[in-house]
Amino acid sequence: MEQKEAAVFRMKRNIKDTVFTRLFREKKYLLQLYQALHPEDTDTTEEDLKTITLEPIFVKDITNDLGFSVKDKLFILVEAQSTASVNIIVRSFMYLAHTYQEHFKETKQTLYGTKPVIIPKPELYVIFSCDTNIDKDILTLSEQFFGGEETAIEVSVKVITEKNSNGIIEQYILFTKVLDEQVKAYGYTKKAIDETLRICESYDILKEFLKEHEKEVADIMISLYSQEEIDEMYMHEVRRESEAKGRAKGRAEGKAEGKEDMVIEMLKDNEDLSKISKFSHFSLEKINEIKERLLNNVQLANE
């Protein structure tokens, strides 16, 4: 694959919109999300909610799925993930830091004065719409990355899956599962989209939203199909080139080495570890070993 073409593929994967972001762009559904997270709060209204999702000026800028404030006293950041990974803890921390940075700019507060700044309380959530072996309700930085040792900072992300979801969050997860089932049955086709919309409306899954925005949602799903195809093309090319390198070495283990080369290329592209495991069939432990070796090689080269 030409380097320029590969860069275009990676860029396209990073600018896609999703049904999740479109759904909660509307205040009435955003309020339903908040109520699902905080059923004890019956006083908050749509007017009390403000979207603070990080919006990029350039594609390279950091972006998150959803951020909103509640009465300017609470910041809630929510990520919707189709692949489970504990790296969401680090990403959520980065999103929160950037969100606070924007907050300080907007409120014209300085961090260099003697007066304590006013910051809303943060809450971090991840919605795993996939099947996952992660069985914890809360993922913490110290436990997942430092063996439970106390660190200078702690980050806690609340995990939501189909098992502990409710309200509109549960509906969103069911929507993704229906879509996955239809794609398995009909492939990346209009039939799969039509069946997804039909089934969801029949079973009252995001029914009102889908009826109001049926064409727009279909367009989003079609664009996501394109992204999936781009991913497959990218992975096929990386796999082909890596295995070719392995064969060129003329060794019996060429295929295995080719897979390892593929893993290295994906690590360089900052692909998610779970995704790398899916395509390479390597365990996360094996991938982390390769990652550590790669980092050591980089450090030696810089010395």
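Note: the structure precedes this text.
Just so it is clear, the structure is predicted and the values come from calculations on it, not from any experiment.

Q: Help me understand the overall build of the protein, please; the structure alone is not making it clear to me.
A: Within the protein, the secondary structure is distributed over 12 helices and six strands. By the burial criterion, 43% of the 303 residues in the protein qualify as buried. For the protein, the proportion of contacts with a sequence separation of at least 24, taken over those separated by at least 6, is 58%.

Q: Explanation requested: the environment of Asp219 in the structure shown.
A: The residue Asp219 is located in helix H9 (residues 214-248) in this model. Separated by 26 residues in the primary sequence, Asp219 and Ile193 have C-alpha atoms spaced 9.6 Å apart.

Q: Before we go on, may I ask you to explain the layout of surface pockets in this structure?
A: Over the atoms, a rolling probe the size of a water molecule traces out where space has been left empty. Space inside the second largest pocket adds up to approximately 440 Å³. Contributing to the lining of the second largest pocket are 22 residues, with Leu54, His98, Thr99, Glu102 and His103 lying nearest its centre. Within the residue set of the lining of the second largest pocket, elements represented by two or more residues are strand S1 (49-51) and helix H4 (88-107). Residue contributions to the lining of the second largest pocket peak at eight residues, all from H4. The residue makeup of the lining of the second largest pocket, split by class, is seven nonpolar, eight polar and seven charged.

Q: Would you take a moment to explain helix H11 (residues 273-280) for this structure?
A: In an α-helix, one turn spans 3.6 residues, which is why side chains three or four residues apart end up on the same side. The buried fraction of H11 amounts to seven of the eight residues, a majority that puts the element mostly inside the structure. Downstream of H11 by a residue or two, His281 has a phi angle that is positive, lying close to 65°.

Q: What am I meant to see in the packing of aromatic side chains here?
A: Aromatic rings considered in pairs are described by the distance between their centres and by the relative angle of their planes. Tallied over the full model, the rule gives five aromatic pairs. Between the aromatic rings of Tyr100 and Phe104, the centroid separation amounts to 6.3 Å while the plane-to-plane angle is 20°, which identifies the pairing as stacked. With a gap of four residues between them, Tyr100 and Phe104 both fall in helix H4, about one helical turn apart. Taking relative accessible area as the criterion, Tyr100 reaches 13% and is therefore assigned buried. By way of ring pairs, the aromatic residues Phe20, Phe24 and Tyr172 are connected into one cluster.

Q: Sorry, what's going on with the nonpolar core here?
A: The nonpolar side chains of a soluble globular protein tend to be buried, and buried together. Of all hydrophobic cores here, the largest spans 42 residues; its most connected members are Phe24, Leu33, Phe68, Ile76 and Ile169. Take this core: its biggest share by element is eight residues, from helix H6 (residues 167-186). One finds Ala84, Tyr95, Leu96 and Leu141 within the second-largest nonpolar core, a separate group that totals 20 residues.

Q: Explain the sheet that holds strand S6 (residues 156-160) to me, please; I cannot follow it from the model alone.
A: Across a sheet, paired strands are connected by hydrogen bonds in the backbone, their directions being either parallel or antiparallel. If you walk across this open sheet you meet the six strands as S1-S2-S3-S4-S6-S5, and the pairing is mixed. This sheet does not close on itself; its edge strands, each paired only once, are S1 and strand S5 (138-140). Each strand of the sheet is rotated relative to its neighbour by a mean of 25°, with strand direction disregarded. As paired elements, strand S3 (residues 74-81) and strand S4 (residues 121-128) share eight bridges and run parallel to each other. From the neighbouring strand, Val78 faces S4, where its bridge partner is Tyr125. Contacts between H4 and the sheet are confined to S1, S3, S4, S5 and S6, with S3 contributing the most and set at about 140° to the helix.

Q: What exactly am I supposed to notice about the pattern of salt bridges here?
A: A side chain of one charge can pair with a side chain of the opposite charge when the charged atoms of the two come close. For the coordinates displayed, the defined rule picks out 14 salt bridges. In this structure, Glu212 engages Lys28 in a salt bridge whose closest nitrogen and oxygen atoms are separated by 2.9 Å. Residue Glu212 is located in helix H8 (residues 207-212), and its partner Lys28 is located in helix H3 (residues 27-37); the two are separated by 184 residues in the primary sequence. Accessibility expressed as a relative area gives 27% for Lys28, which makes it partly exposed. For Lys177, the salt bridge goes to Asp131, with nearest N and O atoms at 3.4 Å. Of the two residues, Lys177 sits in helix H6 while Asp131 sits in the loop between S4 and S5, which places them 46 residues apart along the sequence. A cluster of three or more residues bridged by salt bridges with shared partners is formed by Arg22, Glu26 and Glu216.

Conventions used here
Residues numbered from 1 in each chain as written. Predicted model: local features only at pLDDT ≥ 70, side-chain atom pairs only at ≥ 80, totals over all residues. Heavy atoms only, no water. Helix = DSSP H or I, 4+ residues; strand = E, 2+ residues; numbered from the N terminus. Buried < 20%, exposed > 50% of the residue type's maximum accessible area, 1.4 Å probe, protein only. Contact = heavy atoms within 4.5 Å. 1 Å grid on protein atoms, 1.4 Å probe; cavity = no way out; pocket = protein on both sides within 12 Å on 5 of 7 lines; lining within 4 Å. Points joined across faces, edges and corners; volume = space filled by probe spheres on them. Nonpolar A, V, L, I, M, F, W, Y, C, P; charged D, E, K, R; others polar. Phe/Tyr/Trp six-rings, centres within 6.5 Å; stacked < 30°, edge-to-face > 60°. Core = buried A, V, L, I, M, F, W, Y, C linked by side-chain atoms within 4.5 Å. Pairing = 2+ DSSP bridges. Axes fitted to C-alpha atoms, helices over the stretch in contact; angles between N-to-C directions. Salt bridge = Lys/Arg side-chain N within 4 Å of Asp/Glu carboxyl O.

None of this, on its own, says anything about what the molecule does.
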